[in-house]
Amino acid sequence: MNVIGNFKILTVSKDIQGPYMKMKVTLSDGTSTIRFGLDEPTYENIKEIVSKNYFDSLAKGYRFELLPYYATYQEIDNSQSVFMGSIRCIQDNRAKNIQFQCTERFAGNLEWFKHAVYSTEDIKHLTLDGHDGHF
């Protein structure tokens, strides 16, 4: 993976194609703005995070970044795997990492980034140009 830094979250929204995050991704050969499709449970968890002011309820200028990794563990009760993503909330000189539950599909998409994305060409199909103008 040639991701430089975290994925900068620009928007978390829904449209006719479904829920998504619009993110700025910086790779070793450049920066792209992509549409990263989300499943409904992960969308709800991320939307809740980016809708809050964590440090000061009146403060402006919050930024959110998706960290390009996930964690997983098995619940003792039912042996089901639980997947957790992480978003970094930044406001001025303060920052906080916030974990959220995500689906295996979302974790798999992050894994795809880790193992298959080396250049902006690899994510061209996720950019505005690759979406026939729908973003």
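Residues numbered from 1 in each chain as written. Predicted model: local features only at pLDDT ≥ 70, side-chain atom pairs only at ≥ 80, totals over all residues. Heavy atoms only, no water.

Undergrad: Got a minute to help me understand the overall build of the protein chain in this structure?
TA: Along the backbone of the protein chain there are two helices and seven strands. Secondary structure elements in the protein chain, listed N-terminal to C-terminal, are β-β-β-α-β-β-β-β-α. Split into buried and exposed, the 135 residues of the protein chain put 39% on the buried side. Long-range contacts, defined as pairs at least 24 residues apart, comprise 50% of the intrachain contacts of the protein chain with a sequence gap of at least 6. Surface exposure of the protein chain reaches about 7800 Å², of which carbon and sulfur atoms provide 46%. Across the protein chain, 15 positive and 17 negative side-chain charges occur, with their mean positions spaced 8 Å apart. (Helix = DSSP H or I, 4+ residues; strand = E, 2+ residues; numbered from the N terminus. Buried < 20%, exposed > 50% of the residue type's maximum accessible area, 1.4 Å probe, protein only. Contact = heavy atoms within 4.5 Å. Areas by Shrake-Rupley, 256 points an atom, 1.4 Å probe, with all protein chains shown as cover. Lys, Arg positive; Asp, Glu negative; His and termini not counted. Charge placed at Lys NZ, Arg CZ, Asp CG, Glu CD.)

Undergrad: I keep staring at the side chain of Gln-91 and nothing clicks. Help me out?
TA: Structurally, Gln-91 is set in strand β6 (residues 81-91). Within the local environment of Gln-91, its side chain forms a polar contact with the side chain of Asp-92, the two groups lying 3.2 Å apart. Look past the residues within four positions of Gln-91 in its chain and what remains in contact with it is Phe-55, Ala-59, Lys-60, Gly-61 and Tyr-62. (Polar contact = N/O pair within 3.5 Å; in protein donor to acceptor, adjacent residues only side chain to side chain.)

Undergrad: Help me out: how do you make sense of the pairing of strand β5 (residues 71-74) in this one?
TA: Put simply, side chains in a regular strand alternate between the two faces of the sheet. For β5 and β6, the ladder comprises four bridges, and the chain directions are antiparallel. Residue Thr-72 lies in a different strand from β6, and its bridge partner there is Phe-83. Counted along the chain from β5 to the antiparallel partner β6, the turn is six residues long, and its residue Ser-79 has a positive phi close to 60°. (Pairing = 2+ DSSP bridges.)

Undergrad: I tried to follow the nonpolar core on my own but got confused; where do I start?
TA: Residues Met-21, Phe-36, Ile-46, Leu-66 and Phe-106 are the most contacted members of the largest nonpolar core, which totals 31 residues. Those elements that place two or more of their residues in this core are β1 (7-15), β2 (18-27), β3 (30-37), α1 (40-50), β4 (63-66), β6, β7 (94-102) and α2 (104-116). Apart from the residues lying within four places of it in its own chain, the contact partners of Leu-66 are Asn-6, Phe-7, Ile-9, Met-21, Met-23, Ser-86, Ile-87, Phe-100, Phe-106 and Leu-110. (Core = buried A, V, L, I, M, F, W, Y, C linked by side-chain atoms within 4.5 Å.)

Undergrad: Is there a simple way to explain the pattern of salt bridges in this structure?
TA: Pairing is possible between side chains of opposite charge, provided their charged atoms come close. This model, assessed by the stated rule, comprises four salt bridges. We note a salt bridge from Lys-52 to Glu-48, for which the minimum N-O separation is 3.5 Å. (Salt bridge = Lys/Arg side-chain N within 4 Å of Asp/Glu carboxyl O.)

Undergrad: In this structure, what is going on with unusual backbone geometry? I would like to understand it.
TA: With glycine set apart, most residues show a phi of negative sign, and most peptide bonds adopt trans. The phi angle at Asp-92 is positive, at roughly 55°, despite the residue not being glycine. Along the chain, the position of Asp-92 falls in the loop between β6 and β7.

Undergrad: What am I meant to see in α1 here?
TA: One full turn of an α-helix is made of 3.6 residues, so residues set three or four places apart face in the same direction. Among the residues making up α1, those that are buried are Thr-42, Tyr-43, Ile-46, Ile-49 and Val-50. Each buried residue of α1 sits inside an arc of 130° when the element is viewed along its axis, so together they form one side. Where the residues of α1 are buried, they touch β1, β2, β4, β6, β7 and α2. (Arc of directions from axis to C-beta.)

Undergrad: Could you clarify how one ought to interpret the state of the cysteines in this entry?
TA: Linking two cysteines covalently via their sulfur atoms produces the bond known as a disulfide. In the structure shown here, the tally under the stated rule is zero disulfides. The thiol of Cys-89 is not disulfide-bonded; the next cysteine sulfur, from Cys-102, is found 18 Å away. (Disulfide = S-S within 2.5 Å.)

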